[in-house]
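The chain contents come next:
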Amino acid sequence: MNKTVFERGSAGHIRIHVLPTARFKTFAVSLYAGIPLNENTVTTTALTPFVLRRGTASYPETIQFREQLEHLYGAGFGFDVYKRGNYQIVQFRMDTINDEFVSSDDSLLRKTFSFLGEVVTKPVTENSVFREAYVNSERETVRKKLEAIINDKIRYAAERCMEEMFRGDPYRLHPLGQRKDLGMITPQSLYEAFQQWLQQANLDLYVVGDTTLAEVQELVEQHFHLGRLASPRYVPAQSHLSGEDVRIVEEVLDVNQGKLNMGLRIPVTYGEDRYAAALLYNGILGSYPHSKLFINVREKESLAYYAASRFDGHKGIVSIQSGIEIANYHKALEIIKAQLASLREGQISELEMSQTKAMIRNSLLEMQDSAFDMVAYDFNRVLSDRERPVEELLQQVEAITPEDVVDVANTVELDTIYFLTGKKEV
């Protein structure tokens, strides 16, 4: 396996991470901007990239914006808004072909930085604020995305479970914001929030491709004029157990299939030594087709249309999702709890261990074939302040014993049970 070594630097209070490599035919560029999840800023932060994608000072019309990407030999541009731990992250991505494979009069990497820098620092404005038509249009885009969640009952149940589990914590907030706040956002208020966001966000810029750290630093200095006064750093979330009774929430909607979701606290995060054991715990519990939830809840008992678990190593939670017949609620809950108990009691086969290690290993190795996947993995280091090379994690996973998994299992605390049902009598 090729060893992945990012070179680190900074410019203009932006952290820079460069992986010089000729393995790929493109330059993969990612800019991460993260601020603490906060009820007062979550909606304006979510709306901002939607408005930024509409136009810049040089390309004020959206069609001009898109044509410029075509001039970059069909460069890809996109963004995501999500949360990691207690932070709301906006990630901009560009994928540009390496100059070696085209005949260009100027460096395409330079043109890429010119374009991305303008997107972030020189949006199109009218009367010194965001263009009103763009704000109005993208505000409706975000509103429709938030409203669409309730139509996707799997997503809706997952979000509602987290809202209930973290009802007193900013983590309850959806990264796309709150519908109730959208109507109050004006071009001026959004522009003011955008300016503050640029100053206060953690900014990390990644480049993977045939370049150097020195070249990228120069490009940042040329094209990202932010006037930032500081380089804030992420503060990793501290995992903790609540010590409270299990919270049971039932919600009635017009559904034919019940959604049983469970939130568990696990006092292990990405930066901790037991992280590899927690990966094994979650993998054996519900991440894969051979996992206990899939085999025992879905296959053997035929109680669930789907049953799986997910481990969030930046918040210290394991979430369980299942789709069941409404009448099977109590039986399904009992069997899911039995799988949690079996892990605590050490009922772990050699096959479960070996298959789970193989799945994790394959996932980590496949990641090396994608520049953006390697960037996403390395960004965990920034979020957690823990250097964990892929090679090191692979070794740690291979060394995990069933006893290590049991130790983690006995720290897991069931916090919230959320059931989306269509019948009150269940």
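Residues numbered from 1 in each chain as written. Predicted model: local features only at pLDDT ≥ 70, side-chain atom pairs only at ≥ 80, totals over all residues. Heavy atoms only, no water.

**What about the pairing of strand 12 (residues 317-325)?**
Going by this rule: The cut-offs for exposure are 20% and 50% of the maximum accessible area for each residue type, with area from a 1.4 Å probe on protein chains only; residues under the lower value are buried, those over the upper are exposed, and the others partly exposed. Starting at the N terminus, helices and strands are each numbered in turn, a helix being any DSSP run of H or I of at least four residues and a strand any DSSP run of E of at least two. In short, DSSP must find at least two bridges between two strands for them to pair.
Of all nine residues that make up strand 12, eight are buried, and the element is covered over most of its length. Summarising the sheet, strand 10 (residues 257-265) and strand 12 pair through nine bridges and their orientation is antiparallel. Within strand 12, the residue paired with glycine 263 across the bridge is serine 319. As defined by bridge partners, strand 11 (residues 304-312) adjoins strand 12 across eight bridges and the pair is classed as antiparallel. The residue bridging alanine 304 from the neighbouring strand is isoleucine 324, located in strand 12. Between strand 11 and strand 12, which follow one another and run antiparallel, lie four residues, and glycine 316 among them has a positive phi close to 80°.

**Quick word on the packing of helix 3 (residues 108-121) against helix 8 (residues 213-223)**
Using the following cut-off: Interaxial angles span 0 to 180 degrees and are taken between N-to-C directions of axes, which are lines fitted to C-alpha atoms, for helices over the stretch in contact. These descriptions rest on fixed angle ranges, namely under 35 degrees for roughly parallel, over 145 for roughly antiparallel, 65 to 115 for roughly perpendicular, and the rest for oblique. It is the rotation of the near helix from the far one that decides the hand of a crossing: anticlockwise by less than a right angle makes it left-handed, clockwise makes it right-handed. Residue contacts are counted whenever heavy atoms from the two residues lie within 4.5 Å of one another.
At their nearest, the axes of helix 3 and helix 8 sit 9 Å apart, and the two run at 40° to each other. The angle between the axes of helix 3 and helix 8 places the two elements in the oblique class. The hand of the helix 3/helix 8 crossing is right-handed. In this structure, helix 3 uses Leu109, Arg110, Phe113, Ser114, Gly117 and Thr121 to contact helix 8, whose residues at the interface are Glu215, Val216, Glu218, Leu219, Val220, Gln222 and His223.

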